[in-house]
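Each chain, written out:
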Amino acid sequence: ELPVGAFLAAALVLVPVSWHWRARSIPTLSIIAWLFLDNIILAVNAIVWSGNVNVVSLVWCDIAVRVEYASNLALPAACLCLTIRLERISSARSASTTLTSKRKWMWFDIMMCWGLPLLYLGLYYIVQGHRFDIVEDLGCRFTFYVSVAGLFLVMLPPLLLSFLTLIFAGLSLAHFFRRRIDFSKHLASSGSALTTARYLRLMLMSIVLMLWVLAVTSANVWFSSRTGLRPWISWDNVHSNWWQVGQFPQALMSQSDRTWVLALWWAVPVSAYINAMFFVFGEDALKEYRAWWMWIKDKALR
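Residues numbered from 1 in each chain as written. Predicted model: local features only at pLDDT ≥ 70, side-chain atom pairs only at ≥ 80, totals over all residues. Heavy atoms only, no water.

J.: I'd love a proper account of the overall build of the chain, names of residues and values included.
T.: Per the secondary structure count, the chain includes eleven helices and three strands. Here the contacts in the chain between residues at least 6 apart in sequence split such that 83% fall between residues at least 24 apart. Counting only carbon and sulfur atoms, one obtains 69% of the accessible surface of the chain, whose full area is about 15200 Å². (Helix = DSSP H or I, 4+ residues; strand = E, 2+ residues; numbered from the N terminus. Contact = heavy atoms within 4.5 Å. Areas by Shrake-Rupley, 256 points an atom, 1.4 Å probe, with all protein chains shown as cover.)

Structure follows, in structure tokens:
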């Protein structure tokens, strides 16, 4: 069920991609891209390392663990960009639609959704105690030197961005309730292509997704530090076994460790399901389904 669950999650996040592409929404397209990549990697890993911990491909694992690591920050960063945009649109401040303003916000979104995760990934080497781990049935997983520095560099940034997202989401909802009677007119006057239903769908998706990220990241902090933090002696000490590949057969893991590792693995597909839940049955998705059906029907009649 592991590869099936991950492949299904990857497919579901692609359902609303055409509408988001037409809307030129970099944050939502980035959420889709990161979740799709993450779930495809998880699915491939679950197939390749089903019942074994063999070191099959070092290059694949080097790439896979870095995508997995960067996505930890990319998802809250993209949601933060989305809620900032929604807050600007719904506030009393007039959202400028000039070419210069659009270009400025486009580059802000790109740097937040892609540049910041790459910077986060670049700093990863500071606390990367060894190359990666291979867990039976789950495949290669990123690892870090569990210390105060490790928790600050690995866990704190996603938590911080998630809290900021919830703050901007709260402000956006406050603007909505303040103008709920004529909110659709306000959206139209702001120059946005959003409807009230789309606005609320995007807002609720960001809130639910960030609450989920906060819960998963907090659980990961507990799981990683449950046996205590290691002392930071020196750079050379932390990286002394950097080329090591940890191998963890299920038989040698305790029941609690197996449960937690599996739960953290499923956190990524569940994130994709949460994202899809708000769009698969939405108004825009139903229009897409009808258009696909008419196209298929037209081709079949020919």
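J.: Any chance you could break down empty space enclosed by the protein for me, citing the residues and the numbers?
T.: Gaps between atoms show up when a probe of the same size as a water molecule is rolled over them. Per the counting criterion, the structure on display carries two cavities of 30 Å³ or more. There is about 40 Å³ of room inside the second largest cavity. Asp 38, Ile 41, Leu 42, Asn 45, Ala 64, Val 65, Glu 68, Cys 140 and Arg 141 are the residues that line the second largest cavity. For the lining of the second largest cavity, the elements supplying multiple residues, two or more each, are helix H3 (26–48), helix H4 (58–90) and strand S2 (139–141). Partitioned by chemical class, the residues of the lining of the second largest cavity number five nonpolar, one polar and three charged. (1 Å grid on protein atoms, 1.4 Å probe; cavity = no way out; pocket = protein on both sides within 12 Å on 5 of 7 lines; lining within 4 Å. Points joined across faces, edges and corners; volume = space filled by probe spheres on them. Nonpolar A, V, L, I, M, F, W, Y, C, P; charged D, E, K, R; others polar.)

J.: Which residues make up the state of the cysteines, and what values do they have?
T.: Here the structure, examined in full by the defined rule, presents zero disulfides. We note that Cys 79 lacks a disulfide partner, and the nearest cysteine sulfur, in Cys 113, lies 9.0 Å from it. (Disulfide = S-S within 2.5 Å.)

J.: Report on the environment of Val 55, specifying residues and quantitative values.
T.: Relative to the assigned elements, Val 55 resides in the loop between H3 and H4. With relative accessibility at 40%, the residue Val 55 sits in the partly exposed group. Once you skip the residues sitting within four places of it in the chain, Val 55 turns out to touch Ile 134, Val 245 and Gln 247. (Buried < 20%, exposed > 50% of the residue type's maximum accessible area, 1.4 Å probe, protein only.)

J.: Outline the environment of Ser 240, listing residues and values.
T.: Along the chain, Ser 240 falls in the loop between helix H9 (235–238) and strand S3 (245–248). Placed 110 residues apart in sequence, Ser 240 and His 130 show a C-alpha to C-alpha distance of 8.2 Å. Polar contacts involving the side chain of Ser 240 include one to the main-chain carbonyl oxygen of Asn 237, which spans 3.0 Å. (Polar contact = N/O pair within 3.5 Å; in protein donor to acceptor, adjacent residues only side chain to side chain.)

J.: I'd love a proper account of the sheet that holds S2, names of residues and values included.
T.: One open sheet accounts for three strands, arranged S2-S1-S3; its pairing is mixed. Here the strands that pair on one side only, and so sit at the sheet edges, are S2 and S3. The average angle at which neighbouring strand axes cross in this sheet is 25 degrees, direction not considered. For strand S1 (residues 132–135) and S3, the ladder comprises four bridges, and the chain directions are parallel. Looking across to S3, one finds that Phe 132 is bridged to Val 245. (Pairing = 2+ DSSP bridges. Axes fitted to C-alpha atoms, helices over the stretch in contact; angles between N-to-C directions.)

J.: Give me the lowdown on the packing of aromatic side chains, citing residues and values where you can.
T.: Under the definition given, this model contains 13 aromatic pairs. Ring geometry for Tyr 145 and Trp 232: centres 6.0 Å apart, planes at 85 degrees, overall edge-to-face. One end of the pair, Tyr 145, is in the loop between S2 and helix H6 (148–178); the other, Trp 232, is in the loop between helix H8 (196–225) and H9, with 87 residues separating them in the sequence. Looking at Trp 232, the relative accessible area reads 34%, which means it is partly exposed. Ring centres of Phe 223 and Trp 260 lie 6.1 Å apart, and the angle between their planes is 25 degrees; this geometry places the pair in the stacked category. Here the residue Phe 223 occupies a position in helix H8, and Trp 260 occupies one in helix H10 (residues 255–277), the gap between them amounting to 37 residues. With relative accessibility at 31%, the residue Trp 260 sits in the partly exposed group. One aromatic cluster is present, built from ring pairs that chain together Tyr 69, Tyr 120, Tyr 124 and Phe 142. Residue placement shows Arg 226 over the ring face of Phe 223; its charged tip is 4.0 Å from the ring centre. (Phe/Tyr/Trp six-rings, centres within 6.5 Å; stacked < 30°, edge-to-face > 60°. Lys NZ or Arg CZ within 6 Å of the ring centre and 35° of its normal.)

J.: How would you sum up unusual backbone geometry? Please name residues and give values.
T.: With glycine set apart, most residues show a phi of negative sign, and most peptide bonds adopt trans. The backbone of Asp 137 shows a phi angle near 80 degrees, a positive value even though the residue is not glycine. When you line up the elements, Asp 137 lands in the loop between S1 and S2.

J.: A description of a nonpolar patch on the surface should follow, citing residues and the corresponding values.
T.: A grouping of Phe 7, Ile 47, Val 48 and Val 56 is seen on the molecular surface, where their side chains present a nonpolar patch of about 330 Å² in accessible area. Position of Phe 7 among the secondary structure elements: in helix H1 (residues 2–13). (Patch = residues over 30% accessible without salt bridge, like charges linked within 9 Å, V, L, I, M, F, W, Y side chains within 5 Å. Salt bridge = Lys/Arg side-chain N within 4 Å of Asp/Glu carboxyl O.)

J.: Pulling in residues and values, what's your account of the nonpolar core?
T.: Counting residues in each nonpolar core, the largest one holds 57 residues, and the members touching the most others are Ile 31, Cys 140, Phe 144, Val 154 and Leu 209. Within the residue set of this core, elements represented by two or more residues are H1, H3, H4, helix H5 (99–123), S1, H6, H8 and H10. Take this core: its biggest share by element is 17 residues, from H4. When near neighbours in sequence (up to four residues on either side) are disregarded, Cys 140 contacts Asn 45, Trp 49, Trp 60, Cys 61, Ala 64, Val 65, Glu 68, Phe 132, Asp 133 and Ile 134. Among the nonpolar cores identified, the runner-up in size contains 15 residues, and Leu 2, Leu 264, Trp 265 and Val 268 belong to it. (Core = buried A, V, L, I, M, F, W, Y, C linked by side-chain atoms within 4.5 Å.)

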